[in-house]
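Summary of the model geometry
So the chains spell out like this:
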Number of protein chains: 2
Amino acid sequence: MSSDHALRFCQEDIVVSSPEVAQFGANRPCKVALAGFGTVGQSVARILCSRFAQQFCLTHVFNRRIEQKKTDWVPNHVHWTDRFEHVLNSDADVVLELVGGLDPAGEWVSRALAVGKSVVTANKQLIARRGPELMQLARENGAHLLYGASVAGGIPVLQGLQDGLAGDRILKIRGILNGTCNYILTEMERSQATFSDALEQAQAMGFAEADASDDIDGFDARAKLTILSRTAFGINVAIDQVFARSIREVEQVDLSHAHDLGCTIRQISRAELDGETLYAGVQPALVPEASPLARVSGSQNVVVSTGEFGGETIFSGRGAGGDPTAVAVVSDLLWIARQNGLNAETPSAKTPVKDVSGDFTTAHYVRFRVNDRPGIIASLANIFAKYTINIDAVLQRPGYSKSSLPFVITLEPCSAATMSEAMAEIRQLDFHVHPPLDLPILT
Amino acid sequence: MSSDHALRFCQEDIVVSSPEVAQFGANRPCKVALAGFGTVGQSVARILCSRFAQQFCLTHVFNRRIEQKKTDWVPNHVHWTDRFEHVLNSDADVVLELVGGLDPAGEWVSRALAVGKSVVTANKQLIARRGPELMQLARENGAHLLYGASVAGGIPVLQGLQDGLAGDRILKIRGILNGTCNYILTEMERSQATFSDALEQAQAMGFAEADASDDIDGFDARAKLTILSRTAFGINVAIDQVFARSIREVEQVDLSHAHDLGCTIRQISRAELDGETLYAGVQPALVPEASPLARVSGSQNVVVSTGEFGGETIFSGRGAGGDPTAVAVVSDLLWIARQNGLNAETPSAKTPVKDVSGDFTTAHYVRFRVNDRPGIIASLANIFAKYTINIDAVLQRPGYSKSSLPFVITLEPCSAATMSEAMAEIRQLDFHVHPPLDLPILT
């Protein structure tokens, strides 16, 4: 199937399946070629083909041994190929580079930018090593190079620093940028496992590679910190200027001592501006237990930025994984489509929303304050039963006067409307000293 | 002083003080008129006139009783006025509306948009009530209307949802959007104060207005949740569709019972998509103590968004205050300047960075594992003293064998380079069973 063929199918698809898009005229869907059909690539393809079928037309999927990669849930018009030339010579507007590694991915990105195709990549090593040079190449060819997925996966921290905090002057960045290290250290803390046991467990759970050196020894986080520092401080940091130290030497006895000091141990990536010097490095460090850096557990990531005017801003979430990384890739793609005047409307929800309502279904906490006498619980229980609301627990704390006795009933989830009717009836009872207080219990 | 006069001065300033800007040609500074010179307005003016003097030219400051507002740190060319017509008839590209309230601020915003001026506003009530209509007016007149500062001050959550998570489908938003309520509830929890005492204290500390109803009764958070929901779900939510309940009825006894249930009580803003219905409301609720919603203390804000693909993403930071809100305003202004092809370069740091270094100055934790004998502490102390590193504490836990005894020395802050020299010397000593482990202690 030629790329022309793929294109023709693509346009036919638009005309046939979504006439409303055709109304946009120049606002045609953005044509996207996908390089790398692993975990992230497949997540991206799924999101594009389901949620964003009107905005994007997937033209190519490029991967080595492509025959083994073919799936039936990708539209028929997609051109499967193991030759990058097919992508380069196609009319794709944007190439998604989800192959990873410096070579040949770097070569492919350069060639795509050189022919004026925009590139979205999740490749932290490539951007950390060659980002400024590739950005220059993109500019020279009127293309965009976006890499939001290269740092902290689904957490929009690069956009946050670049757009949302553009008005501030960032002084300090501290983050947990490697989920594997965080998983191992929180697991050592939780279960008193040795480093080796926690690493083995992380490998068994899929949170660590068989060769975990890149994560454990800080090289993965260093690449991310390099990219983050460029964005935060507007300084062209080279990856080799950022030091990386391993977490391998951290032992149980260190976590115990850290605890005695009100701290825990985490692999911390940090960069701090001080006069004419930017300090930057990745290493295990003691952080106070109350710090946001200590409270990110398992494979989560967090970035804490400190600005001269805005103070501390914290971004956290899922820093890795196919779907969160794919969200970052698709978000970058939408940005490029908007810049190029292509269709980048936010799609409406799968089910159109017809109603805005306050009628949440949640568990409830109801606190009463009563003039105590026998039979109170019975009359309340009868009313809740009448509205088929299940009582979960009845709680009472000692030390209050019988004539103004507080107690609490917790209820299993029911709708706010049902709860409201039951409470209206309950408020009529004669033993209340204060009106009862009804609060939802969120989980 | 006429607006022409102000403009002339402005251009002169550019030519005289920053010849490098003139090279940009069409890339001239963006002309900005400031309406409202209160806390936020003054912060914005300070940031514009210091950090962004090359990017923006402040042409007007509009306020009632303007004579009382004049200050000497604003450039001479700025036109001080108490007549909004002066702003409307000027050549300002962008009007910053930092007056607040529905009227006359809404009238001013409409009139500015109608003559094609872009508007940046921090006015949550106006955007919550009239946002969609004003956005339409902006589009019709080729202007932009941005309101990043209207929700959660300096936390870039609207950009995060709109750009960074654009590729996801947001299913749920939960947030703490009112710092006053959060301060009062955390203070009640911390010091066992009554609601009235905590409110009085918040008022004394400047965290609450004399008339605190807007905060306490949920109207402030409701406006923010309305705006946030439009951005997150792409649904045109009207403010009256979102319910608001007061925190006034929460008592100490409720915090005690909540604690017994492993929870705390917070004013929670939440919106959840379920089929064809969007549930939305603001109310006090029990939240688990381990939830990010429970761990935001004092006047901080937090937003937790849950996406179909990306899972939970958390944004937190300073949700109010002059400087953080000003950061959001200036960030929006930079976005508009970029869209309009005006100069929006990120300024370099005040002090240009000449060096990237790993030589952080921090406190240190050093764990030794030794074959115990008298004199070990003395020899370590001598070496630290030689490098003028102060010992903070010596810690030892019971239960370890003398032949492989771990103990810890914590050190007052010193540079990594000094530390490294001292440790090189220490490693030569003959009592080590394992090489010592040196970690920074972050504060």
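Summarised in this report is the structure supplied together with it. (Residues numbered from 1 in each chain as written. Chains lettered and ligands numbered in written order. Predicted model: local features only at pLDDT ≥ 70, side-chain atom pairs only at ≥ 80, totals over all residues. Heavy atoms only, no water.)

**Considerations on the overall build of chain A**
Scanning chain A from terminus to terminus reveals 15 helices and 17 strands. For chain A, the spread of C-alpha atoms along the principal axes amounts to about 85 × 60 × 45 Å. The buried share of chain A, taken over its 443 residues, is 58%. For chain A, restricting intrachain contacts to residue pairs at least 6 apart in sequence, the fraction spanning at least 24 positions comes to 71%. Here chain A has roughly 17600 Å² of accessible surface; of this, 48% comes from carbon and sulfur atoms. Charge centroids of chain A, computed over 39 positive and 50 negative side chains, lie 2 Å from each other. (Helix = DSSP H or I, 4+ residues; strand = E, 2+ residues; numbered from the N terminus. Buried < 20%, exposed > 50% of the residue type's maximum accessible area, 1.4 Å probe, protein only. Contact = heavy atoms within 4.5 Å. Areas by Shrake-Rupley, 256 points an atom, 1.4 Å probe, with all protein chains shown as cover. Lys, Arg positive; Asp, Glu negative; His and termini not counted. Charge placed at Lys NZ, Arg CZ, Asp CG, Glu CD.)

**A look at the sheet that holds strand E5 (residues 118-121) of chain A**
All names here are of chain A. As summarised here, the arrangement of the six strands in space is E3-E2-E1-E4-E5-E6, forming an open sheet in which the pairing is parallel. Each edge of the sheet is formed by a strand with only one pairing partner; in this case those strands are strand E3 (79-81) and strand E6 (145-146). With four bridges joining them, strand E1 (residues 30-35) and strand E4 (residues 94-97) adopt parallel strand pairing. Paired with valine 32 across the bridge in E4 is valine 94. (Pairing = 2+ DSSP bridges.)

**A short note on the pairing of strand E11 (residues 300-307) of chain A**
Residues and elements named next belong to chain A. Of all eight residues making up E11, seven are buried, and the element is well covered by its neighbours. In the sheet, strand E7 (residues 170-176) pairs with E11 via six bridges, with the strands oriented antiparallel. In the strand pairing of E11, glycine 175 is matched with valine 303. In terms of strand pairing, E11 meets strand E12 (residues 311-318) through eight bridges, oriented antiparallel. Bridging across to E12, glutamine 300 finds its partner in arginine 318. Hairpin remark: E11 followed by E12, antiparallel, with three residues in the connecting loop.

**What to know about the nonpolar core**
Core analysis: the largest hydrophobic core is formed by 173 residues, its most contacted members being Leu48 and Leu96 of chain A together with Leu48 and Leu96 of chain B. Sequence-distant contacts of leucine 96 of chain B, defined by excluding residues within four places in its chain, comprise Val32, Ala33, Leu34, Ala35, Val44, Leu48, Val120, Val329 and Leu333 of chain B. (Core = buried A, V, L, I, M, F, W, Y, C linked by side-chain atoms within 4.5 Å.)

**Details of the sheet that holds strand E4 (residues 94-97) of chain B**
To summarise the sheet geometry, strands pair through backbone hydrogen bonds and adopt either a parallel or an antiparallel arrangement. Residues and elements named next belong to chain B. In space, the six strands of this open sheet follow the order E3-E2-E1-E4-E5-E6, with parallel pairing throughout. At either end of the open sheet lies a strand with only one pairing partner, and these are strand E3 (79-81) and strand E6 (145-146). Helix-sheet contacts for helix H13 (residues 322-339) involve strand E1 (30-35), strand E2 (56-62), E4, strand E5 (118-121) and E6, and the interaxial angle to E5 is about 160°. (Axes fitted to C-alpha atoms, helices over the stretch in contact; angles between N-to-C directions.)

**Re helix H3 (residues 39-50) of chain A**
In an α-helix, one turn spans 3.6 residues; hence positions three or four apart end up facing the same way. For H3 of chain A, with twelve residues, the first-to-last C-alpha span of 17 Å sits near the 16 Å given by 1.5 Å per residue. Against E1, strand E2 (56-62), E4 and helix H13 (322-339) of chain A lie the buried residues of H3 of chain A. (Expected span 1.5 Å × (residues − 1).)

**Side note on the relation of the copies chain B and chain A**
Relating one copy of the chain to the other requires a rotation about an axis plus a shift along that axis. Turning chain B through 180° and shifting it by 0.0 Å along the axis lays it on chain A, with an RMSD of 0.1 Å. The transformation just described matches what one would write down for a two-fold rotation axis. Residue phenylalanine 315 of chain B, judged by its C-alpha, is the member of chain B lying nearest the rotation axis, at 2.4 Å. (Least-squares fit on C-alpha atoms with pLDDT ≥ 70 in both.)

**With respect to the environment of aspartate 274 of chain A**
Residues and elements named next belong to chain A. With respect to the helices, strands and loops of the structure, aspartate 274 is situated in strand E9 (residues 263-274). On the basis of relative accessibility, which here comes to 49%, the residue aspartate 274 falls in the partly exposed class. Between the C-alpha atoms of aspartate 274 and leucine 171, which are 103 residues apart in sequence, the distance is 7.9 Å.

**With respect to a nonpolar patch on the surface**
Taken together, the side chains of Ile377, Ile391 and Val394 of chain A define a hydrophobic patch exposed on the protein surface, amounting to about 210 Å² of accessible area. Within the secondary structure, isoleucine 391 of chain A is located in strand E15 (residues 391-395). (Patch = residues over 30% accessible without salt bridge, like charges linked within 9 Å, V, L, I, M, F, W, Y side chains within 5 Å. Salt bridge = Lys/Arg side-chain N within 4 Å of Asp/Glu carboxyl O.)

**What to know about the packing of aromatic side chains**
All names here are of chain A. In total, this model carries 21 aromatic pairs over all chains according to the counting rule given. Chaining the aromatic ring pairs together yields one cluster made of Phe37, Trp73 and Trp80. For arginine 46, the ring lying beneath its charged end belongs to tryptophan 73, and the centroid distance is 4.5 Å. (Phe/Tyr/Trp six-rings, centres within 6.5 Å; stacked < 30°, edge-to-face > 60°. Lys NZ or Arg CZ within 6 Å of the ring centre and 35° of its normal.)

**A word on the pattern of salt bridges**
Tallying each qualifying case throughout the model produces 44 salt bridges over all chains. A salt bridge links aspartate 163 of chain A to arginine 338 of chain B, with the nearest nitrogen and oxygen atoms 3.1 Å apart. Residue aspartate 163 of chain A is found in helix H7 (residues 157-164), and its partner arginine 338 of chain B is found in helix H13; the two belong to separate chains. Close ionic contact of lysine 124 of chain B with aspartate 220 of chain B constitutes a salt bridge, the shortest N to O distance being 3.4 Å. With lysine 124 of chain B in helix H6 (residues 124-140) and aspartate 220 of chain B in helix H11 (residues 219-233), the pair connects residues that are 96 residues apart, well separated along the chain. A single salt-bridge network, built from bridges that share partners, covers Glu251 and Asp254 of chain A together with Arg367 and Arg369 of chain B.

**A word on the interface of chain B and chain A**
Taken together, the contact pairs 101 residues of chain B with 101 residues of chain A. Where chain B abuts chain A, roughly 9000 Å² becomes buried across the two surfaces, and 59% of that area is made up of carbon and sulfur atoms. When the buried area of chain B at its contact with chain A is split by residue, Phe309, Phe360 and Leu442 of chain B rank highest and sum to 9% of it. At the junction of chain B with chain A, the criterion picks out twelve salt bridges. One salt bridge connects aspartate 260 of chain B with arginine 397 of chain A, and the closest N-O pair in it is separated by 2.8 Å. (Buried area = accessible area lost by both parts, 1.4 Å probe.)

**Things to note about the packing of H3 of chain A against H13 of chain A**
Residue and element names in this part refer to chain A. Running from N to C, H3 and H13 cross one another at 55°; their axes reach a closest spacing of 8 Å. Considered as vectors, H3 and H13 are oriented oblique to each other. Crossing geometry of H3 relative to H13 is assigned as right-handed. Residues Thr39, Val40, Ser43, Val44, Ile47 and Leu48 of H3 pack against Gly322, Asp323, Thr325, Ala326, Val327, Val329, Val330 and Leu333 of H13. Among the residues making up the contact of H3 with H13, the classes are represented as nine nonpolar, four polar and one charged. (Parallel < 35°, antiparallel > 145°, perpendicular 65-115°, else oblique. Left-handed = near helix turned anticlockwise from the far one by under 90°. Nonpolar A, V, L, I, M, F, W, Y, C, P; charged D, E, K, R; others polar.)

**Focus on the packing of helix H14 (residues 376-386) of chain A against helix H15 (residues 416-427) of chain A**
Residue and element names in this part refer to chain A. At a minimum axis separation of 9 Å, H14 and H15 run at an interaxial angle of 150°. With respect to H15, the element H14 is oriented roughly antiparallel. Seen along the crossing, H14 lies across H15 with a hand that is right-handed. Across the interface between the two elements, Leu380, Ile383, Phe384 and Lys386 of H14 pack against Met419, Ala422, Met423, Glu425 and Ile426 of H15.

**Concerning H7 of chain A**
Most of H7 of chain A is tucked away: seven of the eight residues are buried. Of the positions making up H7 of chain A, those classed as buried are Val157, Leu158, Gln159, Gly160, Leu161, Asp163 and Gly164 of chain A.

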